[in-house]
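# Per-entry structural report
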Protein chains: 2
Amino acid sequence: MLPIKLTRLIQLLSRFPGVGEKTAQRFALYLIQNQDLAAQLGKELTELSSSICVCERCGNIAERANPGPSLCRVCQDPRREARLLCIVARVQDLLAIERSGAMRGRYFVLGRLLSPLDGIGPEELPLRQLLTLTAEQGVEEAIIATPPSVDGEATALFLARELGKRGVKLTRIASGIPHGGDLEFADQITLGRAIDDRRTLGS
Amino acid sequence: MLPIKLTRLIQLLSRFPGVGEKTAQRFALYLIQNQDLAAQLGKELTELSSSICVCERCGNIAERANPGPSLCRVCQDPRREARLLCIVARVQDLLAIERSGAMRGRYFVLGRLLSPLDGIGPEELPLRQLLTLTAEQGVEEAIIATPPSVDGEATALFLARELGKRGVKLTRIASGIPHGGDLEFADQITLGRAIDDRRTLGS
């Protein structure tokens, strides 16, 4: 009943993460009713691949360099310690850590986590690229910053085993009560971790 | 910290209905990591305005006719009764009614509802277009199919008053327990309506 062009647009929009067909239809109808937005977005997306890409080394977003390899700002920065590597699941996590200013090394974006329930096994992780990068940069410490979820912990354990074989020192980001958080409303696992991973105070 | 092109893309995506900045960023990063999707979507959106538009008469989606006025399928169909008009809030509602096959007349899409809390008053409704269309088509009955919400009811009352002055017969879609619905879980207003608007059974 819908024009073919519209059906096609809805199909494409429903490939966005977390967007189902109803939401995609809502977006498509909004774009038809706001044709200036559609035109601007069309222009930006058409030009996207010539200006932005994925960093060839770490998976962060990068501005496309032509010719030469497209590296992100972190990988291009000579002041960043190449021997300290932070492994994250998604670019969003990398951006969050960068905002904190707490990381002086480089990154590696996995793009996904192990998830047996979704059929994502170890062979789906970019392990070879990670090991190549680790060897090339002479990484001494890898901070595994996958989220403290079931999938994130499974991925951390798997990576720790693989990187441990290569003599890399492995660390895991701390898990506990967040800054400003309330112990009363913390879940049991978080509270358990906060107690187990307690640190010594004073000198 | 993000490339300007990406910031711009996030800004545009955050204009989608119900999409905030975080979600827009997620969409943008997904598009960068899936450049085939970005390219296809860019092409579709660039071509959108030349193929699909809003029906000049009723506000439904229409394939663009060039030259000549762009009318939707319903407005083009001579078998549709021009004297029966169904007034809806959104194109989605029109599509839902069309799927039901229960409407043999034409439509008018308001595009919005009265909403004093959001600062949407009567002057924001396309009343003049509605009255013009009603006069031109010789509409005898207008079915007000705005949703049975506070805003929807307020809009229905307002339209009923305005159209009533012009001698149009006004009806409102029924409100009650939905087909397959459970009385136990129906809210009080819905149950109240189901009782108040009861109909006579048998001959």
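Summary of the structure given here. Being a predicted model, the structure only gives us computed values, none of them experimental. (Residues numbered from 1 in each chain as written. Chains lettered and ligands numbered in written order. Predicted model: local features only at pLDDT ≥ 70, side-chain atom pairs only at ≥ 80, totals over all residues. Heavy atoms only, no water.)

Of regular secondary structure, chain A possesses 8 helices and 6 strands. Starting at the N terminus and walking to the C terminus, you meet the elements of chain A as α-α-α-β-β-α-β-α-β-α-β-α-β-α. Here the C-alpha atoms of chain A give a radius of gyration of 21 Å, more than 25% beyond the 17 Å that 2.2 N^0.38 yields for 203 residues. By principal-axis analysis of the C-alpha atoms, chain A measures approximately 70 × 50 × 35 Å. Buried residues in chain A amount to 43% of all 203 residues. (Helix = DSSP H or I, 4+ residues; strand = E, 2+ residues; numbered from the N terminus. Rg over C-alpha atoms; globule rule 2.2 N^0.38 Å. Buried < 20%, exposed > 50% of the residue type's maximum accessible area, 1.4 Å probe, protein only.)

Let's shift gears to the environment of B:Asp151. All names here are of chain B. The residue aspartate 151 is located in helix H7 (residues 150-165) in this model. Using a relative accessible area of 27% as the deciding quantity, one classes aspartate 151 as partly exposed. When the C-alpha positions of aspartate 151 and proline 122 are compared, they lie 12 Å apart, and in sequence the two are 29 residues distant. Not counting the four nearest positions on each side in its chain, aspartate 151 is found in contact with Leu113, Leu114 and Ser115. Separated by 3.2 Å, the side chains of aspartate 151 and serine 115 make a polar contact. (Contact = heavy atoms within 4.5 Å. Polar contact = N/O pair within 3.5 Å; in protein donor to acceptor, adjacent residues only side chain to side chain.)

Residues and elements named next belong to chain A. At a minimum axis distance of 8 Å, the contact between helix H1 (residues 4-13) and helix H2 (residues 21-33) shows a crossing angle of 125°. Taken together, the axes of H1 and H2 are oblique relative to one another. At the point where H1 passes H2, the crossing takes the right-handed sense. Counting all contacts with H1, which are made through Leu6, Leu9, Ile10 and Leu13, the residues of H2 involved are Glu21, Ala24, Gln25, Phe27, Ala28, Leu29, Leu31 and Ile32. Residues of the contact of H1 with H2, tallied by class, amount to 10 nonpolar, 1 polar and 1 charged. (Axes fitted to C-alpha atoms, helices over the stretch in contact; angles between N-to-C directions. Parallel < 35°, antiparallel > 145°, perpendicular 65-115°, else oblique. Left-handed = near helix turned anticlockwise from the far one by under 90°. Nonpolar A, V, L, I, M, F, W, Y, C, P; charged D, E, K, R; others polar.)

Residue and element names in this part refer to chain B. On the basis of which strands lie adjacent, the open sheet formed by 4 strands has the order S4-S3-S5-S6 and parallel pairing. The sheet is open, and its two borders are formed by strand S4 (105-109) and strand S6 (169-172), each paired with just one other strand. Between one strand and the next, the sheet's axes are offset by a mean angle of 25°, whatever the strand orientation. Alignment of strand S5 (residues 141-144) against S6, held across 4 bridges, turns out to be parallel. What sits directly across from alanine 142, in S6, is leucine 170. Seen against the sheet, helix H6 (residues 127-137) touches strand S3 (81-88) and S4 and runs at an angle of roughly 160° to S3. Against the sheet, H7 touches S3, S5 and S6, its axis set at about 170° to S6. (Pairing = 2+ DSSP bridges.)

A few words on the pairing of strand S5 (residues 141-144) of chain A. Residues and elements named next belong to chain A. Two elements, strand S3 (residues 81-88) and S5, share 4 bridges in a ladder whose sense is parallel. By the bridge assignment for S5, leucine 85 is matched with alanine 142. For the crossover that starts at S5, traverses helix H7 (residues 150-164) and ends in the parallel strand S6 (residues 169-172), the hand is right-handed. (Right-handed = clockwise from strand over helix to strand, strands pointing away.)

Here we come to the interface of chain A and chain B. Taken together, the contacts link 50 residues of chain A with 50 residues of chain B. In this structure, B:Glu44 engages A:Lys5 in a salt bridge whose closest nitrogen and oxygen atoms are separated by 3.5 Å. In this assembly, chain A and chain B are joined by 14 residue pairs in polar contact (both at pLDDT 80 or more). Broken down by secondary-structure element, the contributors of at least two residues to the side of chain A that touches chain B are H1, H2, helix H3 (35-51), strand S1 (52-54), strand S2 (61-63) and helix H5 (91-100) of chain A. With 15 residues, H3(A) is the largest single contributor of residues to the side of chain A that touches chain B. (Salt bridge = Lys/Arg side-chain N within 4 Å of Asp/Glu carboxyl O.)

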